[in-house]
Structures are given as C-alpha cells and as structure tokens.
Amino acid sequence: MTTMELKEKILRLKKEKEAIILAHYYVDKEIQEVADYIGDSFYLSKIAKECKENTIVFCGVNFMAESAKILSPEKKILIPVNNAFCPMAQMVSEDDVLYMKEKYPDAKVVCYVNSTAEVKAVSDVCCTSSNAINIVNNLDSNRIIFVPDRNLGSYVSEQVKDKEVILWDGFCCVHDDVDKDILDKLIVSNSKNKEDIAILVHPECKKVIRDKATFIGSTAQIIEFASKSHYDKYIIVTEIGIKHKLTEKCPDKEFIFMPFMHCFTMKKITLENLYECLDKDNYQVELDEEVIKNAYRSLEDMHKFGEKVK
Ligand code: 13P
Ligand code: SF4
C-alpha cells in the first residue's frame, strides 16, 4: 500500500468512527498531515477537554494521552503504541512527591505535565512549558517543589525571583543533551552579525544553552515567535519534528536545526500503527478512578490559573 492510500484509509476510518486525531509537533510529518489538531502539550490538552467527539486518538507520548483521559474520563482515548513512555515522566514517582511534601510541608507541588497520572494526582497543580511561569507566580505559596524537570524548574526560578523553587533532578534526554560547542559553531557559521539571527530554545534545555537564546518557549510559542518576528535566520533548539510546521508557516524564512535532537518515543507513532489503532481500538488508555479524580484537579487548576497573570 502506498503512503497516500494508507492516509486515505486512516481518514475514512476516522470519519466512520467519528474520532479526532491529535498530534504533537514532534511526531513525523505524515502523522501531522492526517491530524485534526497539531499543537504543544497545553493546546492539545485544551482540545481534548473541549472537543465534542467521543473518541480521541492521541499521536504523541503516553503522558499526553493520559492527560486527555483525566480531562475527559467519559471519552475513549486511544494511543497507537502502548509503550510510548517519555523517559522524563518516569524520573519521579508518586512516593518521591509524597516524600518531598513531608520534607517541605509548607511548599506546594507544581508538576510538569511530562509526568505520570499518579504523580499528577498527588501534586497541587500541573503546568506545561508554556504556562509554568504563570502557574508558579499565581500560586499562593512562596515555596514551590517543582517536578520532574530540573531545567524547566530552574528556568522558572530565574523568572520568579520572589519564590523559592526546590528542584527535582529529572530531565529530558533530548533537550538536556544539547552541546554548547556545536551551538556556538552554528551561531558563528550562520551569522555575519548577532542581529541577523535568532536562537529559539525550549526551556527543557540547560541554562548554558538557555543563556544563548533570543527567545525561550514551548513548541507552539517558538513557532509563533518565528512567524511574527523579522530575523533573516533562526537556529531552532528543540526536537526536529517542529520543522514541518515551522517551514509550512514561514516558507520564506531560513531555519537551522540543532543536530541530534530526535525524540525516539514520539517517532514510534507510524501511519501503520495509527491505522491499526483506529481499526482495532489499540490501545485504550485506562486509569484508576481515584487517580483520575485527583489528577483532574491538578490539570483543571492549570487550565484555570495558567493564563491568568498575577
Ligand atoms: P511542549 O509543551 O512545548 O510541546 O513540550 C512538550 C515536550 O515534551 C517537550 O519535550
Ligand atoms: Fe519526553 Fe523529551 Fe521526548 Fe519531550 S522530547 S516527549 S520531554 S523525551
């Protein structure tokens, strides 16, 4: 079967089953091409919460599909592979959070959505990379335990100077690994002077990399910055899947992508397993009712407080 035929079959089946397909910017181009909505973690969780369809196929990593289930427990949430685990989400457990809460009883726990449903259930509020600063600013506590991403957590702590942020030692293996020397060489070889070029960085990167940035933001915010600003060239320091939407939205701009930034978990989603998913209801996200109830509160509060600036 050709790619075109497979895509047509997916679109037909999706219509028959009255399903919608959500895709993160990091999944492969051909998956994005059959999706109804493409976005960053925050936007996709909003669509999952608000859409009228009863079947959602989540093309992304496991925690994203779990968040959709938490926000819409009555809906059928499907994910094309059953082992699309984001390594960072496995770096903190429910017991770790309970231990930290006991150690710092006056602190509130902010949990990055790149975490398990069980961790969300014992946290005070969730955040994504697009709203983490607002969430921490709006929280009625001056002491914050931030899990699991040490890089996003330290970025937040640099921006919210009047609060103490206690970091957990988790990280994204794709963003944490960015090599400063390679980035420096890319900057030198691509710019006549510093004003020509913008360096757009995801906050999951280390401080030495963030310090080079013209702009720091979520995947959606990076795309928005690139489409609204007027630099000649952009160095993009996030996962390569973002290339598709960036080049589609800004055909006349030049983008240079940081090498070696591949999220192998996101790339597990293929047209073949997406088709199987729609055909056989592979794999349904199931979560414990109590976990859903408690994690819902953390995600719901993120939606309530994330956009409100103190
Ligand atoms: P965004 O919320 O920016 O899309 O990030 C999700 C993610 O997993 C980044 O590694
Ligand atoms: Fe997880 Fe990193 Fe992949 Fe994002 S890019 S899903 S944080 S491993």
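Residues numbered from 1 in each chain as written. Chains lettered and ligands numbered in written order. Predicted model: local features only at pLDDT ≥ 70, side-chain atom pairs only at ≥ 80, totals over all residues. Heavy atoms only, no water.

As for the site of ligand 2
Reasoning step 1: Tyr26, Val61, Cys86, Pro87, Met88, Asn114, Cys172, His175, Glu204, Cys263 and Met266 make up every residue found near ligand 2.
Reasoning step 2: Structurally, ligand 2 is housed in the largest pocket.
Reasoning step 3: Each residue belonging to the shell around ligand 2 can be placed in one class, and the counts come to eight nonpolar, two polar and one charged. (Near = heavy atom within 4 Å. 1 Å grid on protein atoms, 1.4 Å probe; cavity = no way out; pocket = protein on both sides within 12 Å on 5 of 7 lines; lining within 4 Å. Sits in = over half its atoms within 2 Å of the grid points. Nonpolar A, V, L, I, M, F, W, Y, C, P; charged D, E, K, R; others polar.)

A few points about the packing of aromatic side chains
Each aromatic ring pair is described using two quantities: the centre-to-centre distance and the angle formed by the ring planes.
Reasoning step 1: If you walk through the whole model with that rule in mind, you get six aromatic pairs.
Reasoning step 2: Centre to centre, the rings of Phe225 and Tyr231 are 6.4 Å apart; their planes meet at 25°, and the pair counts as stacked.
Reasoning step 3: Arranged with centres 6.3 Å apart and planes meeting at 45°, the rings of Phe255 and Phe257 form a pair that is tilted.
Reasoning step 4: With relative accessibility at 12%, the residue Phe255 sits in the buried group.
Reasoning step 5: Three or more aromatic residues joined by ring pairs make a cluster, and in this case those are Phe215, Phe225, Tyr231, Tyr234, Phe255 and Phe257. (Phe/Tyr/Trp six-rings, centres within 6.5 Å; stacked < 30°, edge-to-face > 60°. Buried < 20%, exposed > 50% of the residue type's maximum accessible area, 1.4 Å probe, protein only.)

Focus: empty space enclosed by the protein
Reasoning step 1: Overall, the coordinates contain two cavities of 30 Å³ or more when judged by the stated rule.
Reasoning step 2: One number sums up the size of the largest cavity: a volume of about 70 Å³.
Reasoning step 3: If you go around the largest cavity, the residues you meet are Ser41, Phe42, Leu44, Ser45, Phe58, Phe63, Met64, Ser67, Val113, Thr128, Leu299 and Met302.
Reasoning step 4: Examining the composition of the lining of the largest cavity, we find that four residues originate from one element, helix 3 (residues 41–50), more than from any other.
Reasoning step 5: Partitioning the lining of the largest cavity into residue classes produces eight nonpolar, four polar and no charged.
Reasoning step 6: If you add up the space inside the second largest cavity, you get close to 40 Å³.
Reasoning step 7: Taken together, Asn62, Phe63, Glu66, Phe85, Cys86, Ala89, Gln90, Ser115 and Thr116 make up the lining of the second largest cavity.
Reasoning step 8: The class makeup of the residues in the lining of the second largest cavity is four nonpolar, four polar and one charged. (Points joined across faces, edges and corners; volume = space filled by probe spheres on them. Helix = DSSP H or I, 4+ residues; strand = E, 2+ residues; numbered from the N terminus.)

Everything listed here is a matter of geometry and, on its own, says nothing about what the molecule does.
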